[in-house]
Amino acid sequence: MPSLTDRAWSPYFAGILIGLLQIPAFLLLDTALGTSSSYVTVGASLAAFADPGLAAMDYAAKHLSGAKNWWQVAVVAGIALGALLSARLSGMRRHGISPVWTRALGSPSTARRFALAFAAGFIMLAGARIADGCTSGHGISGMAQLAVGSILAVTAMFAGGIATAFLLRRV
Amino acid sequence: MSVLAAIAIGLAMGAVFGLALEKSRVFEPGVILGQMQLRNFLMLKIFLTAVTTGLLVLAVLNGLGLAKLHPKATLYGADLLGGLLLGIGIALAGACPGTVAAQIGAGYRDAWFTLAGGLLGATAFAYAEPVLKPLLLTGGPGRITLAHVTGLPFWPLALGFAALLVAGLVALERWRPWRAEIGPAADGLLPQAPPAGAEPLTGLRAAG
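Worth saying up front: this structure is predicted, and the values here are computed from it rather than measured.

Peer 1: Explain the overall build of chain B here, please?
Peer 2: Within chain B, the regular secondary structure consists of 9 helices and 0 strands. Secondary structure elements of chain B, listed N to C terminal, follow the sequence α-α-α-α-α-α-α-α-α. Over its C-alpha atoms, taken along the principal directions, chain B stretches across nearly 60 × 40 × 35 Å. By residue count, 52% of the 208 residues in chain B fall in the buried class. Residue pairs at least 24 apart in sequence account for 64% of intrachain contacts in chain B once pairs closer than 6 positions are excluded. Summed over its atoms, the accessible surface of chain B is roughly 8,800 Å², and 71% of this surface lies on carbon and sulfur atoms. The centroid of the 13 positive side-chain charges in chain B is displaced by 7 Å from the centroid of its 9 negative side-chain charges.

Peer 1: Sorry, what's going on with the nonpolar core here?
Peer 2: Within soluble globular proteins, side chains that are nonpolar generally end up buried alongside one another. Counting residues in each nonpolar core, the largest one holds 110 residues, and the members touching the most others are Ile18(A) and Phe17(B). In terms of residues, this core owes the most to one element, helix H3 (residues 42–63) of chain B, which gives 12 residues. Apart from the residues within four sequence positions on either side, Ile18(A) is in contact with Leu33(A), Ile140(A), Phe17(B), Ala20(B), Leu21(B), Ile46(B) and Ala50(B).

Peer 1: Could you clarify how one ought to interpret the UniProt feature "transmembrane region" (unreviewed entry) in chain B in this entry?
Peer 2: Residue and element names in this part refer to chain B. In this structure's numbering, the residues bearing the UniProt feature "transmembrane region" (unreviewed entry) are residues 6–21, 42–61, 81–100, 112–132 and 152–172. The span residues 6–21 is 100% helical and 0% strand by assignment, and the distance between its end C-alpha atoms comes to 22 Å. Spanning residues 112–132, this segment combines 100% helix with 0% strand, and its end C-alpha atoms are found 28 Å apart.

Peer 1: Would you mind showing me how to read the layout of surface pockets here?
Peer 2: Gaps between atoms show up when a probe of the same size as a water molecule is rolled over them. Considered as a void within the structure, the largest pocket measures approximately 930 Å³ in volume. Lining of the largest pocket is provided by 37 residues; of these, His63(A), Arg129(A), Asp132(A), Lys72(B) and Arg143(B) occupy positions nearest its centre. For the lining of the largest pocket, the secondary-structure elements that each account for two or more residues are helix H4 (58–64), helix H5 (67–89), helix H7 (110–131) and helix H8 (135–144) of chain A together with helix H4 (76–93) and helix H6 (110–136) of chain B. Tallied by class, residues from the lining of the largest pocket come to 13 nonpolar, 14 polar and 10 charged. Its boundaries defined by the atoms lining it, the second largest pocket holds a volume of some 210 Å³.

Peer 1: Would you explain the packing of helix H9 (residues 148–165) of chain A against helix H2 (residues 29–36) of chain B in this entry?
Peer 2: When two helices pack together, their arrangement is given by the angle between the helix axes and by the axis-to-axis distance. Their axes nearest at 8 Å, the elements H9(A) and H2(B) cross at an angle of 95°. It follows from the interaxial angle that H9(A) and H2(B) lie roughly perpendicular. Listed contacts from H2(B) to Phe158(A), Gly161(A), Ile162(A) and Ala165(A) of H9(A) are Leu33(B), Gln35(B) and Met36(B).

Peer 1: Could you clarify how one ought to interpret the packing of H8(A) against H3(B) in this entry?
Peer 2: The interhelical angle for the contact between H8(A) and H3(B), taken along N-to-C directions, is 50°, at an axis separation of 7 Å. Here H3(B) runs oblique to H8(A), going by the angle between their axes. Of the two possible hands of crossing, H8(A) and H3(B) adopt the one that is right-handed. From H8(A), Thr135(A), Gly139(A), Ile140(A), Met143(A) and Ala144(A) reach across to H3(B), where they touch Met43(B), Phe47(B), Ala50(B), Val51(B), Gly54(B), Leu55(B) and Leu58(B). Split by residue class, the contact of H8(A) with H3(B) holds 9 nonpolar, 3 polar and no charged.

Peer 1: What am I meant to see in unusual backbone geometry here?
Peer 2: Negative phi values dominate among residues other than glycine, just as trans dominates among peptide bonds. Residues and elements named next belong to chain B. Of note, the phi angle at Leu38 is positive, near 60°, even though the residue is not glycine. A relative accessible area of 38% places Leu38 in the partly exposed class. Even without glycine at this site, Ala186 takes up a positive phi of about 55°. The topology assignment puts Ala186 in the loop between helix H8 (154–175) and helix H9 (202–207).

Rules and cut-offs
Residues numbered from 1 in each chain as written. Chains lettered and ligands numbered in written order. Predicted model: local features only at pLDDT ≥ 70, side-chain atom pairs only at ≥ 80, totals over all residues. Heavy atoms only, no water. Helix = DSSP H or I, 4+ residues; strand = E, 2+ residues; numbered from the N terminus. Buried < 20%, exposed > 50% of the residue type's maximum accessible area, 1.4 Å probe, protein only. Contact = heavy atoms within 4.5 Å. Areas by Shrake-Rupley, 256 points an atom, 1.4 Å probe, with all protein chains shown as cover. Lys, Arg positive; Asp, Glu negative; His and termini not counted. Charge placed at Lys NZ, Arg CZ, Asp CG, Glu CD. Core = buried A, V, L, I, M, F, W, Y, C linked by side-chain atoms within 4.5 Å. UniProt positions renumbered as here; feature names shortened; annotations may be inferred. 1 Å grid on protein atoms, 1.4 Å probe; cavity = no way out; pocket = protein on both sides within 12 Å on 5 of 7 lines; lining within 4 Å. Points joined across faces, edges and corners; volume = space filled by probe spheres on them. Nonpolar A, V, L, I, M, F, W, Y, C, P; charged D, E, K, R; others polar. Axes fitted to C-alpha atoms, helices over the stretch in contact; angles between N-to-C directions. Parallel < 35°, antiparallel > 145°, perpendicular 65-115°, else oblique. Left-handed = near helix turned anticlockwise from the far one by under 90°.

Written as structure tokens, this is what we have:
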């Protein structure tokens, strides 16, 4: 039986656990599991301090209030807490950056990695918002509903990811 | 439901999600980049297992009339372009929008920059949305699923796809056993083959 102090669990056990989260999502919240629209909720909430006009724009306004939007923000915050707890219990807390970046970028520079991470986050969320979903909303949830757009978006996501990854050094 | 109750449920669900992401090691940039370079298939295993479980859950909940489905609207241009950008971002971030939070929880420093870039990207989209709407975000066939396309009820289709995915996962596990993909430091990094002409690294060979 998997234990909280294990370093690693079977991907199949973890995948089943994630898939079962659809039960409370659909029965309690009447929505599917997702994470990327929470970036609009938090980003637009912060930006609205500097630019109150943003809150009057349709798209931002739809994300700023309501139980489902803040539920999703809480899910993402909960992910950080769950990972923190899990890493502490197994003695697997991480520091600095992953050694994969020295391999992939050919440089151990953290400044370079931080700049790339920022740009990557921007592209990732711009893409997720254009597609209206990410690996969770389109991937885990959209594919589980056999949604045509989600199957397309996930195919494009892997195509873009694989093409980009092959431009980096082999890890 | 009150916002506070929704937040409490969200935190609890997120904690389980984060635990599963950390324990499965799929939050590791090495696992995600390894998947995109087709060297490590842990991400696909977790992803397809979660999809399969979701198909079974929704076949039951929807089949018994306990839950309505919430498929997203199909917009061909937006799904393809957005998906492509999302994939480019995932490869360079070594993270997805959800696993960024797990990286922060586990302690990776660069994840804070991915998060900040993501918040800015999502906010930029909120500003650009009125311009993009007529170009990319309108039209399309609506919230269609394969059930609409085939004219079959959702639950038998979902069970059929779940069975196909299980068969695929069994084959994937036979081809690449998951225990060999975790890596010595549990970060998905596998020993690299020594460059041609180099001294053989016996330690790495033994670990591999």
